[in-house]
Amino acid sequence: DAKTTQPNSMESNEEEPVHLPCNHSTISGTDYIHWYRQLPSQGPEYVIHGLTSNVNNRMASLAIAEDRKSSTLILHRATLRDAAVYYCILRATSGTYKYIFGTGTRLKVLA
Amino acid sequence: EAQVTQNPRYLITVTGKKLTVTCSQNMNHEYMSWYRQDPGLGLRQIYYSMNVEVTDKGDVPEGYKVSRKEKRNFPLILESPSPNQTSLYFCASKIGQGEYNEQFFGPGTRLTVL
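Residues numbered from 1 in each chain as written. Chains lettered and ligands numbered in written order. Predicted model: local features only at pLDDT ≥ 70, side-chain atom pairs only at ≥ 80, totals over all residues. Heavy atoms only, no water.

1. Digging into the nonpolar core
Residues and elements named next belong to chain A.
Part 1: If you look at the biggest cluster of nonpolar residues, it comprises 22 residues, and the most contacted ones within it are Leu20, Ile33, Trp35, Leu73, Leu75, Tyr86 and Leu107.
Part 2: Elements that contribute at least two residues to this core include exactly strand 2 (18–23), strand 3 (33–38), strand 4 (45–50), strand 6 (61–64), strand 7 (70–75), strand 8 (84–91) and strand 10 (105–110).
Part 3: Leave out the neighbours within four places in its chain, and isoleucine 33 touches His24, Ile27, Ile48, His49, Gly50, Leu62, Ile64, Arg68, Ser71, Cys88, Ile89 and Leu90. (Core = buried A, V, L, I, M, F, W, Y, C linked by side-chain atoms within 4.5 Å. Buried < 20%, exposed > 50% of the residue type's maximum accessible area, 1.4 Å probe, protein only. Helix = DSSP H or I, 4+ residues; strand = E, 2+ residues; numbered from the N terminus. Contact = heavy atoms within 4.5 Å.)

2. As for the pattern of salt bridges
Part 1: All chains considered together, the criterion is met by 10 salt bridges over all chains.
Part 2: Across the pair lysine 98 of chain A and aspartate 59 of chain B runs a salt bridge, and its minimum N-O distance is 3.9 Å. On the criterion of chain membership, the pair formed by lysine 98 of chain A in the loop between strand 8 and strand 9 (99–100) and aspartate 59 of chain B in the loop between strand 6 (54–57) and strand 7 (65–66) is interchain, its members lying in two chains.
Part 3: Exposure remark for lysine 98 of chain A: the relative accessible area of 17% places this residue in the buried category.
Part 4: We classify aspartate 59 of chain B as partly exposed; its relative accessible area is 34%.
Part 5: Measuring nitrogen to oxygen at the nearest pair gives 3.9 Å for the salt bridge that ties lysine 18 of chain B to glutamate 79 of chain B. Taken together, the residues span a long stretch of sequence, with lysine 18 of chain B in the loop between strand 2 (10–13) and strand 3 (19–25) and glutamate 79 of chain B in the loop between strand 8 (76–78) and strand 9 (87–94) at a distance of 61 residues.
Part 6: Through salt bridges with shared partners, one network takes in Arg37, Glu45 and Asp82 of chain A. (Salt bridge = Lys/Arg side-chain N within 4 Å of Asp/Glu carboxyl O.)

3. A few points about the state of the cysteines
Part 1: In the structure shown here, the tally under the stated rule is 2 disulfides over all chains.
Part 2: Linked covalently through their sulfurs, cysteine 22 of chain A and cysteine 88 of chain A form a disulfide whose S-S length is 2.1 Å. Disulfide cysteine 22 of chain A-cysteine 88 of chain A: the torsion about the S-S bond is -75°, which places it as left-handed. Note that cysteine 22 of chain A is positioned in strand 2 and cysteine 88 of chain A in strand 8, a separation of 66 residues in sequence. The burial state of cysteine 22 of chain A is the same as that of cysteine 88 of chain A; both residues are buried.
Part 3: Cysteine 23 of chain B shares a disulfide with cysteine 91 of chain B; S-S distance 1.8 Å. Measuring the twist about the S-S bond at about -75°, one finds the cysteine 23 of chain B-cysteine 91 of chain B disulfide to be left-handed. With cysteine 23 of chain B in strand 3 and cysteine 91 of chain B in strand 9, this residue pair connects regions lying 68 residues apart in the sequence.
Part 4: Taking the relative accessible area as the measure of exposure, cysteine 23 of chain B reaches 2% and is therefore buried.
Part 5: Among the residues examined, cysteine 91 of chain B registers a relative accessible area of 0% and is labelled buried. (Disulfide = S-S within 2.5 Å.)

Written out as structure tokens, the structure is:
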């Protein structure tokens, strides 16, 4: 099965950019990289996804390494509301719809 | 409002007493899934369903059953709950079979098995 590795926790100051890394060295060539976040006492919510190229949306940017073995979620200006656990997710095995969430990175934003 | 609903939100039960946690979505999504979340272990997938009458095991299916008789509903059944199934459970759904489609999660069900 695919595996993701993320730091357990990170801190950022408010209004500063945050770079959340994820290692996924076992990713297959056709699998998307997904990022979700979980705010306190809520279910996870979608943030962004990508395949090969860097991606931007209103919430964040996703930078994908050329070899696809790692990616970085970028929050351009962290706010207190961005404090959450961020999960980098892959399919467990290419061709299935079984997903591996892992333990995620707890982001603390300092005022 | 497009949403995934779960019932009950909180449940305390005893070992061996069968229970069902319901999940319903109003977005006409083909894919539905159940996850459990435990401290230090993150989210782990229990079962998923690609469409009506099509289900498959996730990472931790032991001790659970599911059924998908209607597109909108995907109940999670614990035939004989045990204390190690005490956890926070999330149901999710997404449109179609495309891997890139986002999953929508319910609010969670906190289950305690004594």
